[in-house]
Amino acid sequence: MKIKILYLYKDLMNLYGEYANITILKKYLNISNVDVQIDYKSINEEKNFNEYDLIYAGSSTERSLIRALEDLRKDKEALKDYIENDGFVLFTGNSYEILGSSIDQLEGLNILPFTVKTIDRRITTDVIFKTDLIEEEIVGFINNSSIITNNDYYLFKSVFSLEETIKTEGVHYKNLYATHLTGPFLMRNPYFLKYFINQLCIKKYSDFKLIDKDYELLNESYEIVLEELTLRNEK
Amino acid sequence: MKIFIIIICKATLFIGKLFKRGSSLPGAIALKLDKNIISKLDLPKKIIIVTGSNGKTSTTELISSIYKDQGFKVGTNSEGSNQTEGVTTTLIKCSNIFGKIKKDVLVLESDERYLRRTTKYIKPSTIIVTNIYRDQMTRNGHPEIIFDIIKDGINDDADLILNADDPLSSLLGYKRKNVTYVGINENELSTKKCENIYNDGEYCPNCKEKMIYDYYHFDQVGKYKCTSCDFKREETSYFISALDITSGTIEINNKYKINISFGSLYSVYNTLEAFALASLEKLDIEKVLSTLNNYHMKNGRVQQFNIGNTPVTLLTSKHENIICYNEHLKYITRKKENCRVLILVDAISRKYFTSEMSWIWDIDFELLKSDNIKKIIIAGKYANDLDIRLSFVDNIKEKIIKTIDLDDMIDEVKKDNEKVYLLTCFSDRMKVLNRR
């Protein structure tokens, strides 16, 4: 079994250690006997989305995001087709903002209907989210200057955060998963990691069975953070 | 009214000192009573502000010491009082009740996020920007945000001293006249490739096209040039012409030899910036060299003590300050003696609560592979996250011991007399010092 990952703009969109999402994903796919090939493509490089099982991009500064958006404009139709044809996408941090109709005055890729407005202050907060996709809560951190509106396909609902404007968050549309959660979000949420691995692999290999080995440390870490944040929420 | 506010502020400061309380409250009260209070004070003509991600306190202290040794009366703020309230407290402390500051020169450290608020009321004659790096991103967002804030806070007629090797610091001087650049020449520590987890110099901060480097000192710091626009590392007026990091000696402009207090590149930049300022101000260079050669870091970032019979060197860095953490790891790998490394993460920051641990993925823990590091003890509430992080570094698994409980951590240290280097943050270090 083999999964091919296209890692977009790793040299440009590299904040908050989000490369670790792919590092962790590769490790746990390997544990389930799945080989992983990772290709890196960036500015002015040809991107053949249909050759891949998963497309990933992570957080960047606002100016870097605009640069990536301009680069991706020529591939807009190809990316839209990939998503509409149930291709897997994971966009963490602010990377998914390019998929919407606009970022302030700038036109987006128009693949999804949401709009993005940048605000003057920085939103930074620990969060607890929940999702219909798994039982366990999601923990993480948000670090951006964006307000998303007109989002019909949210991924998470807020359980705890210090930022009132966050009620629903992220995008889940077909096999596109996007969230503003920064950092190695898959590592911090081992239950979501398992869910994601299952979804990704079962689509390609219908008799795929996840091997539940070596998750203990991730689970322990997760429990500690969930406890810390829950206590904070109760204060 | 002005006199009244000054008296209130001085009284609050005096009372605060009796209770060993902080120095922002008096200034905060003064600003509440009159937000323009600073501009009503009679300030000296020479006002130097030091800002940036790393090295503000050290550089401010170096410059203050230089001026004091030359016989000047210096008004300066100490660490922790670098936001606008703290600066206000310092200014009022230095003034008489009529608001006249009886100092020849002000050397002020400014928190980079508050520079623009402070410079609304004080017009500095010189601003030194030490660097703009990934630092406390859970509060600061990312370095380009800090760049924008600092840029906003620079008044047109201020002379700037900038770090030519750091693209973002340098960009503040782009197409600007009154700028002096300082930097380190290529040396034995420089590398041709970026040997770091991330490279913030891959793309030009001015136009976001590719940048190329002749050499790197560390991270994105080095000699760079944009492949598209004319942004590049500028010529330096003050430069490190020779460097021996192990013995801690540097040479500035092919001429001036100095012993720095701690063998790391960030100390080198601090010293260079202070020297540049002193030289531009035409101070007595012999006295400047004497000050710099005899300077010992006061802020206690590096401390030596014992746990039982084990000698420990404490290397403190804010957890989320990537470059400083990396520099400390490099410092350890340059030591010849065998040692153990103790990494303690029990709380992430002393200033705010968070569980955000992304920063450990930006740190170059590959450095722990060094032969002289015989054991790695990871400790504290977030030791599991460290365990996961280190599981991706080849060939160190057998060296790692994990102790979540802090008393267990002390027991583990005491098992052996082998030297320990302790890497931790300012609040966590007390948990070790208190358990000696």
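Read on for a plain summary of the structure.

Quick notes on the rules
- Residues numbered from 1 in each chain as written.
- Chains lettered and ligands numbered in written order.
- Predicted model: local features only at pLDDT ≥ 70, side-chain atom pairs only at ≥ 80, totals over all residues.
- Heavy atoms only, no water.
- Helix = DSSP H or I, 4+ residues; strand = E, 2+ residues; numbered from the N terminus.
- Rg over C-alpha atoms; globule rule 2.2 N^0.38 Å.
- Buried < 20%, exposed > 50% of the residue type's maximum accessible area, 1.4 Å probe, protein only.
- Contact = heavy atoms within 4.5 Å.
- Areas by Shrake-Rupley, 256 points an atom, 1.4 Å probe, with all protein chains shown as cover.
- Lys, Arg positive; Asp, Glu negative; His and termini not counted.
- Charge placed at Lys NZ, Arg CZ, Asp CG, Glu CD.
- Axes fitted to C-alpha atoms, helices over the stretch in contact; angles between N-to-C directions.
- Parallel < 35°, antiparallel > 145°, perpendicular 65-115°, else oblique.
- Nonpolar A, V, L, I, M, F, W, Y, C, P; charged D, E, K, R; others polar.
- Salt bridge = Lys/Arg side-chain N within 4 Å of Asp/Glu carboxyl O.
- Pairing = 2+ DSSP bridges.
- Expected span 1.5 Å × (residues − 1).
- Phe/Tyr/Trp six-rings, centres within 6.5 Å; stacked < 30°, edge-to-face > 60°.
- Lys NZ or Arg CZ within 6 Å of the ring centre and 35° of its normal.

### Describing the overall build of chain A
Moving on, step 1. A tally of helices and strands in chain A yields 6 helices and 12 strands.
Moving on, step 2. Since a compact globule built from 235 residues should have a radius of gyration of about 18 Å, the 17 Å found for chain A is in line with a globular shape.
Moving on, step 3. By the burial criterion, 58% of the 235 residues in chain A qualify as buried.
Moving on, step 4. Long-range pairs, those at least 24 residues apart, make up 73% of the contacts in chain A with a sequence separation of at least 6.
Moving on, step 5. When the accessible surface of chain A is split by element, carbon and sulfur atoms take 45% of a total near 9600 Å².
Moving on, step 6. If you average the places of the 28 positive and of the 38 negative side-chain charges in chain A, the two averages end up 3 Å apart.

### Regarding unusual backbone geometry
Moving on, step 1. Positive phi, close to 50 degrees, is recorded for D104(A), a residue that is not glycine.
Moving on, step 2. Mapped onto the secondary structure, D104(A) falls in the loop between β5 (102–103) and β6 (106–107).
Moving on, step 3. Its identity as a non-glycine residue notwithstanding, D219(B) has a phi of 45 degrees, on the positive side.
Moving on, step 4. With respect to the secondary-structure elements, D219(B) resides in the loop between β7 (211–218) and β8 (221–226).

### Some remarks on the packing of helix α2 (residues 62–72) of chain A against helix α7 (residues 143–152) of chain B
Moving on, step 1. Following both chains from N to C, one finds α2(A) and α7(B) inclined at 120 degrees, their axes separated by 8 Å at the closest point. Comparing their axes, α7(B) and α2(A) come out oblique. Packed against α2(A), whose contacting residues are E62(A), R63(A) and S64(A), the element α7(B) presents E144(B), I145(B), F147(B) and D148(B) at the interface.
Moving on, step 2. Of the residues in the contact of α2(A) with α7(B), the class split is 2 nonpolar, 1 polar and 4 charged.

### A word on the pattern of salt bridges
Two side chains that carry opposite charge are able to pair once their charged atoms sit near each other.
Residue and element names in this part refer to chain B.
Moving on, step 1. Overall, the coordinates contain 39 salt bridges over all chains when judged by the stated rule.
Moving on, step 2. Of the charged contacts in the structure, one is a salt bridge between K192 and E186, with a shortest N-O distance of 3.2 Å.
Moving on, step 3. For K192, a relative accessible area of 58% puts it in the exposed group.
Moving on, step 4. On the basis of relative accessibility, which here comes to 44%, the residue E186 falls in the partly exposed class.
Moving on, step 5. A salt bridge links R435 to D407; the shortest N-O distance between them is 3.1 Å. With R435 in the segment after α14 (428–433) and D407 in helix α13 (residues 406–414), this residue pair connects regions lying 28 residues apart in the sequence.
Moving on, step 6. Residue classification places D407 among the partly exposed positions, given a relative accessible area of 43%.

### Some points on the sheet that holds strand β14 (residues 339–344) of chain B
In a beta sheet, neighbouring strands pair by backbone hydrogen bonds and run either parallel or antiparallel.
Residue and element names in this part refer to chain B.
Moving on, step 1. The mixed open sheet is built from 6 strands, whose spatial order is β12-β13-β17-β14-β15-β16. Strands with a single pairing partner mark the edges of an open sheet, and in this sheet they are β12 (302–307) and β16 (400–403). The mean inter-strand angle of the sheet, taken between neighbouring strand axes irrespective of direction, is 25 degrees.
Moving on, step 2. Where β12 meets strand β13 (residues 310–316), 6 bridges bridge the pair, whose relative direction is antiparallel.

### What about the pairing of strand β9 (residues 156–161) of chain A?
All names here are of chain A.
Moving on, step 1. Two strands pair when backbone bridges link them, and strand β7 (residues 115–130) and β9 are joined in this way by 4 bridges, in the antiparallel orientation. In the strand pairing of β9, F129 is matched with S158.
Moving on, step 2. Across 2 bridges, β9 lies against strand β10 (residues 168–169) in antiparallel orientation. By the bridge assignment, K157 is partnered in β10 with T168.
Moving on, step 3. Hairpin connection from β9 to β10: 6 residues lie between these consecutive antiparallel strands.

### A look at helix α6 (residues 216–234) of chain A
Moving on, step 1. Look at α6(A): 27 Å from first C-alpha to last across 19 residues, which is about the 27 Å you get at 1.5 Å a residue.
Moving on, step 2. Taken together, the buried positions of α6(A) are L218(A), N219(A), S221(A), Y222(A), V225(A), L226(A), E228(A) and L229(A).

### Remarks on the packing of aromatic side chains
Moving on, step 1. Following the criterion strictly, the structure yields 31 aromatic pairs over all chains and no others.
Moving on, step 2. On the numbers, 5.4 Å between centres and 75 degrees between planes, the contact of Y191(A) with Y222(A) is edge-to-face. On the criterion of sequence distance, the pair formed by Y191(A) in helix α5 (residues 190–204) and Y222(A) in helix α6 is long-range, its members being 31 residues apart.
Moving on, step 3. With a relative accessible area of 3%, Y222(A) lands in the buried category.
Moving on, step 4. Centroid distance F192(A) to Y195(A): 5.5 Å. Interplanar angle 50 degrees. Geometry classified as tilted. Here Y195(A) and F192(A) lie together in helix α5, a separation of 3 residues that amounts to about one turn. By the burial criterion, F192(A) is buried, and Y195(A) matches it.
Moving on, step 5. By the ring-pair criterion, three or more aromatic residues cluster together here, those being F88(A), F129(A), F156(A), Y177(A), F185(A), F192(A), Y195(A) and F196(A).
Moving on, step 6. The positively charged end of K194(A) is found above the aromatic ring belonging to Y215(A), 4.6 Å away from the centroid.
Moving on, step 7. One residue, K419(B), lies across the ring of Y421(B), its end atom 5.1 Å from the ring centre.

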